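Structural characterization, general
For reference, the chains in residue letters:
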Amino acid sequence: MLSKERALKIKEIAEKYRNVPAPYGEDINLEEYKIEKGGISVDSLMELDEGYKSKLESIGIDIEEKTSAGSYLQINNKAVYSKTDSKIEMMPISEALKKYNLDDYLWNLVEIKDKYTARAALELTEGFFIRVPKGVKETIPLQTCLLIGEESSSQNVHNIIIVEEGAELNVITGCATSPHVKSGLHIGVSEFYVKKDAKLTYTMIHDWGENTHVRPRTGVYIEENGVFISNYVVMTEVKSIQSYPTAYCVGDNSKVTFQTVAYGKGNSKMDLGSRVVLSGKNSSADMISRTIVVDNAEIIARGHLVGESENVKGHLECRGLILSDNAHLHAVPELEAKRTNLDLTHEAAVGKIAENQLMYLMSRGLTEDEAVSLIIKGFLNVDVSGLPPKLAKSVEQIMEMTLDAS
Amino acid sequence: MLSIEDLCVKIGDKEILKDIHLYIDSGETHVLFGPNGAGKSTLINTILGNPKYEIVSGSIYFKGKDITDMPMYERAKLGIGISYQSPPAIPGVKLKNLLEIITNRDWSEIEKMAEILNFKDFLEREVNVGFSGGEAKRSEILQIYAQNPDFIMFDEPDSGVDVENVELIGTIINELLDKNKMPSDRKKSGLIITHMGHILNFMDVDRAHVLYNGIVACSGHPEEILNNIIKHGYERCVECYQKKEH
Ligand SMILES: Nc1ncnc2c1ncn2[C@@H]1O[C@H](COP(=O)(O)OP(=O)(O)OP(=O)(O)O)[C@@H](O)[C@H]1O
Ligand SMILES: [Mg+2]
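Things to note about the interface of chain A and chain B
Interfaces are often described in size by the accessible area the parts lose on coming together. In this complex, chain A contributes 16 residues to the contact, which on the side of chain B involves 27 residues. With both sides pooled, the region where chain A packs onto chain B buries about 1700 Å², and carbon together with sulfur makes up 67% of that total. Three residues stand out in chain A for area buried against chain B, namely Tyr360, Ser363 and Arg364 of chain A, and they jointly supply 40% of the buried area on that side. Counting across the interface, chain A meets chain B through one salt bridge. The interface formed by chain A and chain B contains ten residue pairs in polar contact (both at pLDDT 80 or more). Among the elements of the structure, helix H5 (355-362) and helix H6 (368-380) of chain A are those that each provide at least two residues to the side of chain A that touches chain B. With six residues, the top contributor of residues to the side of chain A that touches chain B is H5 of chain A. Here the residues of the side of chain A that touches chain B sort into eight nonpolar, seven polar and one charged.

Okay, here's the thing in structure tokens:
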């Protein structure tokens, strides 16, 4: 639940922003996307129909649940399945709101300031609530997936993860559109709390399809000595994505890593940013983004580091390959310092594949296509850090599979 | 094996190679000397088929085929290989992965060669990323060993390599070029560029050429030519070059 005052306040703000477009990304007419109410529920992921099952597998979900500490599945706006057998608490957010007062967690890190957040605040919204109790270090990953299963509908999601003091959690989230759905909208609000000495590794794989608009809104709060690692992978077509997650390194010695791997093809439009506000002493941030555009795709890779405290360190690495004259790639790295005693750096490079690399491989007997594909694989092969080996392997496989298919 | 006739090559507007003739028989290894900027790497890259090097006139034949206009990877498939002077880094691609793609040998053989080259630890490294000069050369030798071409060009395999490794690399190259077989059993051919000559102490070479300002100024017995260069520098070559220019 929320306290009465807070609920009212949220409603009041959201009403104000109901029709306000976001500063970035194409403006979407929300009227075109209805909000689906009903839906199935299952007792095991194995009960899902084959179409769903193979989709889930393609985005890294273990449907037999042999290698996961728990699973959450949401189709449209209904939590279809939520189960964990570890000490981790996991439930649909609708249930958590019945059980707990979430005044301190809901709409605390993400501001309502455009029509998408307003819709998530005002309309039917579901999501996962995960809490790792103090000191519990879960080494096996938890998997969550969000699917759009209904034509021309809007999936509204609000997620909360709380990793209590000294606890650790690894989450993989797969997001996709059901193969028969021609168009959809995903609005996803996520608020993550990484408390003192805690660690959260969050890996997200997107596979939305060429007619889905995606508007994630994410905020992360990291306390003293806390660590947050985000790995974001999108290898398939999408109509548009616009996201700009922000991590607040509030605690001393807190640490953030954002890794983004995006492959834009077809007519995909992606505006992908990440921002870290370093306000804890000695806090640090690493942002790595690797993007490729082919066909008519467009990617804007933004990065913004804000240093507000002493001895903070931040590095932003933004590399992009453009492989078609009809594609568009725009890197926007920003550094902002508010103290003298800090160190913020960035390197950005966009361009085509280096001729000498191509020639090198071709003189070893690779055809031009083979050489290009190998260079691209290498380029995208960022070290998916902090992942359990098995998960890292499956992320790698997903990348290889999509590259080989294209 | 390889025959080059009347070859003229440009890079951009600049004429680099002029009227090159070169004939390398099966089982033969030639060495190419010449001062910095003479066009040695250009010649090798032209034989490889790098499109940056524009052939203005002349022809290149390999195994009896006219390869003058053949794309690079087809030449590689036909049996031409190179160990580069300064190879580029391929970030994110493990050496092991590249070797698996280009190899014409069993993996166990490659592992053995990596062991001989003291290079086993580098198999998991990204190709040429952060390799020192000498390490890059060993990586090239390992790749060329895996690929196992019939005609191998070595562009300064010894530059930047420490004394022990020069001996090691020289010995391996010699073996790669069938020099430990009886002359009539030798099938492989080679072309080696070197400034130092020291590596030749560990190799058997059949003939030497001096490239001077884009022209083959002199050809002959390797030892004789090397001794001349050591004694007189390229001074004598200038004379021959001037004679040939006209
Ligand atoms: N891309 C280029 N554009 C213009 N000139 C070039 C280019 N590449 C090479 N050259 C020139 O061609 C000439 C021959 O270069 P090459 O690399 O073949 O010399 P080399 O004999 O291998 O020298 P070194 O012993 O220093 O390796 C040089 O004068 C060089 O500056
Ligand atoms: Mg050279």
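Observations regarding the sheet that holds strand S1 (residues 2-11) of chain B
If you trace the four strands from one edge of the open sheet to the other, you get S2-S1-S4-S5 (chain B), paired in antiparallel fashion. Of all the strands in the sheet, just strand S2 (14-24) and strand S5 (65-66) of chain B have a single pairing partner and so form its edges.

Some remarks on the coordination of the magnesium ion (ligand 2)
Residues and elements named next belong to chain B. For the magnesium ion (ligand 2), the full set of protein donor atoms is Ser41 (OG) and Gln85 (OE1), at a range of 2.0 to 2.3 Å. Here Gln85 lies in the loop between strand S6 (80-83) and helix H3 (95-102) and Ser41 lies in helix H1 (residues 40-48), a separation of 44 residues in the sequence. Look at Gln85 and you get partly exposed, because its relative accessible area is 30%.

Notes on H1 of chain B
Counting buried positions along H1 of chain B gives eight out of nine residues, so the element sits mostly inside the fold. Positive backbone phi, at 100°, marks Gly49 of chain B, one or two positions downstream of H1 of chain B.

A look at the packing of aromatic side chains
Residue and element names in this part refer to chain A. For the structure on display, the rule yields 13 aromatic pairs over all chains. Aromatic side chains Phe192 and Tyr202 sit 4.7 Å apart centroid to centroid with 55° between the ring planes, which places their arrangement in the tilted category. Taken together, the residues span a long stretch of sequence, with Phe192 in strand S8 (residues 184-194) and Tyr202 in strand S9 (residues 199-207) at a distance of ten residues. Of the two residues examined, Phe192 and Tyr202, each falls in the buried class. In this structure an aromatic cluster arises from ring pairing among Phe192, Tyr202, Phe228 and Phe258. Here the guanidinium or amino end of Arg215 rests over the ring plane of Tyr116, the centre of that ring lying 5.6 Å away. The residue whose ring lies beneath Arg364 is Tyr360, and the NZ or CZ to ring-centre distance is 5.0 Å.

What to know about the pattern of salt bridges
Residues and elements named next belong to chain B. Using the criterion set out here, one finds 26 salt bridges over all chains in the structure. For Arg105, the salt bridge identified is with Glu109, shortest N-O distance 3.5 Å. Relative accessible area serves as the criterion here: at 18%, Arg105 is assigned to the buried category. Using a relative accessible area of 28% as the deciding quantity, one classes Glu109 as partly exposed.

Description of the sheet that holds strand S3 (residues 29-33) of chain B
Residue and element names in this part refer to chain B. The mixed open sheet is built from six strands, whose spatial order is S6-S7-S8-S3-S9-S10. The open sheet is flanked by S6 and strand S10 (215-220), the only strands paired with a single partner. Here the strands of the sheet are splayed against their neighbours by 20° on average, with no regard to which way each runs. Of the pairings in the sheet, the one linking S3 to strand S9 (residues 207-212) comprises four bridges and is parallel in character. Considered in S9, the bridge of Val31 is made with Ala208. Here helix H8 (residues 235-245) sits on the sheet in contact with S9 and S10, set at roughly 120° to S10.

Examining the pairing of strand S17 (residues 298-307) of chain A
Residues and elements named next belong to chain A. Taken across its ten residues, S17 has nine buried, putting it largely inside the fold. In terms of strand pairing, strand S15 (residues 269-278) meets S17 through ten bridges, oriented parallel. Within the sheet, the bridge partner assigned to Arg275 lies in S17 and is His304. Two strands pair when backbone bridges link them, and S17 and strand S19 (residues 328-337) are joined in this way by ten bridges, in the parallel orientation. Its bridge partner lying in S19, Ala301 is registered against Ala331.

Quick notes on the side chain of Thr173 of chain A
Of note, Thr173 of chain A is situated in strand S7 (residues 168-177). The contacts of Thr173 of chain A, once residues within four sequence positions are left out, are Phe128, Thr144, Leu146, Tyr202, Thr203, Met204 and Ile205 of chain A.

Comments concerning the environment of Met287 of chain A
Take Met287 of chain A: it is sitting in strand S16 (residues 284-293). Among residues more than four places away in sequence, those in contact with Met287 of chain A are Phe258, Ser274, Arg275, Val276, Gly303, His304, Leu305, His315, Leu316 and Glu317 of chain A.

Brief notes about the site of ligand 1
Residues and elements named next belong to chain B. In the neighbourhood of ligand 1, 14 residues make up the surrounding shell, with Gly37, Lys40, Ser41, Thr42 and His195 lying closest. Between an oxygen atom of ligand 1 and a side-chain N or O atom of Asn36, the distance comes to 2.9 Å. Contact between ligand 1 and Thr42: an oxygen atom at 2.5 Å from a side-chain N or O atom of the residue. Taken by itself ligand 1 offers 640 Å² of open surface, and the protein chains cover 65% of this. It is H1 that contributes the most residues to the shell around ligand 1, three residues altogether. Broken down by class, the residue content of the shell around ligand 1 amounts to four nonpolar, seven polar and three charged.

Conventions we followed
Residues numbered from 1 in each chain as written. Chains lettered and ligands numbered in written order. Predicted model: local features only at pLDDT ≥ 70, side-chain atom pairs only at ≥ 80, totals over all residues. Heavy atoms only, no water. Contact = heavy atoms within 4.5 Å. Buried area = accessible area lost by both parts, 1.4 Å probe. Salt bridge = Lys/Arg side-chain N within 4 Å of Asp/Glu carboxyl O. Polar contact = N/O pair within 3.5 Å; in protein donor to acceptor, adjacent residues only side chain to side chain. Helix = DSSP H or I, 4+ residues; strand = E, 2+ residues; numbered from the N terminus. Nonpolar A, V, L, I, M, F, W, Y, C, P; charged D, E, K, R; others polar. Pairing = 2+ DSSP bridges. Donors = N, O, S within 2.8 Å, 3.2 Å for Na, K, Ca; no water. Buried < 20%, exposed > 50% of the residue type's maximum accessible area, 1.4 Å probe, protein only. Phe/Tyr/Trp six-rings, centres within 6.5 Å; stacked < 30°, edge-to-face > 60°. Lys NZ or Arg CZ within 6 Å of the ring centre and 35° of its normal. Axes fitted to C-alpha atoms, helices over the stretch in contact; angles between N-to-C directions. Near = heavy atom within 4 Å. Areas by Shrake-Rupley, 256 points an atom, 1.4 Å probe, with all protein chains shown as cover.

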